[in-house]
Amino acid sequence: MKKLIAGNWKMNGSLAANEALLTALAAGLGKIPSCEIAVCVPACYLPQVQALKLTHSALGAVEVGAQDISAHASGAYTGEVSADMLKDLGCRYVIVGHSERRQYHAETDALVADKAKSALAAGITPIVCVGETLDEREAGRTEEVVKRQLAAVIHANGHCISEVVVAYEPVWAIGTGKTASPEEAQAVHAVLRAQLKAATDQSARIKILYGGSMNAANAATLLAQPDIDGGLIGGAALKPQDFLKIIAAVPV
Ligand code: 13P
């Protein structure tokens, strides 16, 4: 399967900064990349990013995603953005259950599972994030935590689980400069792969991304692991040259 390199811009950017970033990305992409590429941008900038895709043909290879979605279809949910709205704006992906949303917005496993369901119902691929905190890792609970988080999404989505992308993002590695070693990441990816295999006979098509301080220097060894099917990149996705280097590090 083709690997996926997805940028998560988080709450960063401006009209000017986004244009500069995507223009630099377009200039560097050149030939057809050997992997799939996506940028998950703040919802308010989705129309701008779609417009920039039309002005830079090299961005044709770049899919657009959002960073969150409402579990509700429509109605009195002030501030929320629905799956149909994201679909309207041309979203191919949406991140659900990022640890920052679990931590700062008290998102539960059940809510994350519902959000994945809303996305799938609208034909948007959810990038479902799972990952343990440092305390949980040190207590030897990594496997239990990521399996519990993924199980909720499997349970709520039945056979549609084959349509999701999973991202393993150890919380202690996000924005800290501490990356899981390729062996540590691979070990958790293998656990997730086995769980997906038990859930669907279509598991071979499910991408499992690694996220957490992935950068131009460490991407190649992480992406060489057998069960690491791509990356979900935070900080380095805001620097076009670094993002391009990660894309170039994808083994062909
Ligand atoms: P960093 O790459 O900045 O550690 O962030 C990872 C992440 O949270 C991507 O969703």
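Summarised in this report is the structure supplied together with it. Because the structure is a prediction, the values reported are computed rather than measured. (Residues numbered from 1 in each chain as written. Predicted model: local features only at pLDDT ≥ 70, side-chain atom pairs only at ≥ 80, totals over all residues. Heavy atoms only, no water.)

1. Considering the site of the ligand
For the ligand, the full set of nearby residues is Asn8, Lys10, His98, Glu169, Ala173, Ile174, Gly175, Gly212, Ser213, Leu232, Gly234 and Gly235. Interatomic distance of 2.8 Å between a side-chain N/O atom of Lys10 and an oxygen atom of the ligand. The contact in question runs from an oxygen atom of the ligand to an N or O atom on the backbone of Gly234, over 2.9 Å. (Near = heavy atom within 4 Å. Polar contact = N/O pair within 3.5 Å; in protein donor to acceptor, adjacent residues only side chain to side chain.)

2. Some words on the sheet that holds strand β2 (residues 36-40)
The strands that make up a sheet are held in pairs by hydrogen bonds between backbone atoms, and each pair lies either parallel or antiparallel. The eight strands lie next to each other as β1-β2-β3-β4-β5-β6-β7-β8, forming a closed barrel whose pairing is parallel. The mean inter-strand angle of the sheet, taken between neighbouring strand axes irrespective of direction, is 25°. Direction of pairing for strand β1 (residues 4-8) relative to β2: parallel, over a ladder of five bridges. Across the sheet, Asn8 pairs through a bridge with Cys40, a residue of β2. (Pairing = 2+ DSSP bridges. Helix = DSSP H or I, 4+ residues; strand = E, 2+ residues; numbered from the N terminus. Axes fitted to C-alpha atoms, helices over the stretch in contact; angles between N-to-C directions.)

3. Some points on the packing of aromatic side chains
Within the structure shown, the criterion is met by one aromatic pair. Between the NZ or CZ atom of Arg92 and the centre of the ring of Tyr93, over which it lies, the distance is 4.6 Å. (Phe/Tyr/Trp six-rings, centres within 6.5 Å; stacked < 30°, edge-to-face > 60°. Lys NZ or Arg CZ within 6 Å of the ring centre and 35° of its normal.)

4. What about the side chain of Glu169?
Locating Glu169 in the fold gives a position in the loop between β6 (165-168) and α8 (182-199). Buried within the structure, Glu169 lacks any salt-bridge partner; Lys10 is the closest side chain of opposite charge, at an N-O distance of 6.0 Å. (Buried < 20%, exposed > 50% of the residue type's maximum accessible area, 1.4 Å probe, protein only. Lys, Arg positive; Asp, Glu negative; His and termini not counted. Salt bridge = Lys/Arg side-chain N within 4 Å of Asp/Glu carboxyl O.)

5. Some remarks on the pairing of strand β3 (residues 62-66)
The two faces of a sheet get side chains in turn, since along a regular strand they alternate between them. Counting buried positions along β3 gives four out of five residues, so the element sits mostly inside the fold. In this structure, β2 lies alongside β3, joined through four bridges in parallel fashion. For Cys40, the partnering residue across the bridge sits in β3 and is Gly65. Handedness of the crossover is the feature at issue here: the chain leaves β2, passes through helix α2 (residues 46-55), returns alongside β3, and the resulting connection is right-handed. In this sheet, strand β4 (residues 93-96) lies alongside β3 in parallel orientation, the contact comprising two bridges. The residue bridging Ala66 from the neighbouring strand is Val94, located in β4. Running through helix α3 (residues 83-88), the crossover from β3 to the neighbouring parallel element β4 is right-handed. (Right-handed = clockwise from strand over helix to strand, strands pointing away.)

6. Some details on the environment of Leu111
Here Leu111 lies in helix α5 (residues 109-121). Exposure remark for Leu111: the relative accessible area of 29% places this residue in the partly exposed category. In this structure, the C-alpha to C-alpha distance between Leu111 and Val153, residues 42 residues apart in sequence, is 9.3 Å.

7. Some thoughts on the nonpolar core
For soluble globular proteins, the rule of thumb is that nonpolar side chains tend to be buried together. Counting residues in hydrophobic clusters, the biggest one holds 67 residues, and the most contacted among them are Ile5, Val166, Leu192, Tyr210 and Phe243. Excluding residues within four positions of it along the chain, Leu192 makes contact with Val130, Val146, Leu150, Val166, Tyr168 and Ile208. Ile127, Ala167, Leu209 and Leu232 belong to the second-largest nonpolar core, a separate cluster that totals twelve residues. (Core = buried A, V, L, I, M, F, W, Y, C linked by side-chain atoms within 4.5 Å. Contact = heavy atoms within 4.5 Å.)

8. Points about the pattern of salt bridges
Enumeration according to the criterion identifies 15 salt bridges in this entry. Of the charged contacts in the structure, one is a salt bridge between Arg141 and Glu144, with a shortest N-O distance of 3.0 Å. Taking the relative accessible area as the measure of exposure, Arg141 reaches 30% and is therefore partly exposed. Owing to a relative accessible area of 45%, Glu144 belongs among the partly exposed residues under this scheme. Among the salt bridges present, the one from Asp229 reaches Arg193, with a minimum N-O distance of 2.8 Å.

9. Some details on unusual backbone geometry
Although it is not a glycine, Ala106 adopts a positive phi angle of roughly 50°. Relative to the helices and strands, Ala106 is located in the loop between α4 (99-104) and α5. For Ala106, a relative accessible area of 60% corresponds to the exposed category. Positive phi outside glycine occurs at Ser213, with the angle close to 55°. Inspection of the secondary structure puts Ser213 in the loop between β7 (208-211) and α9 (219-223).

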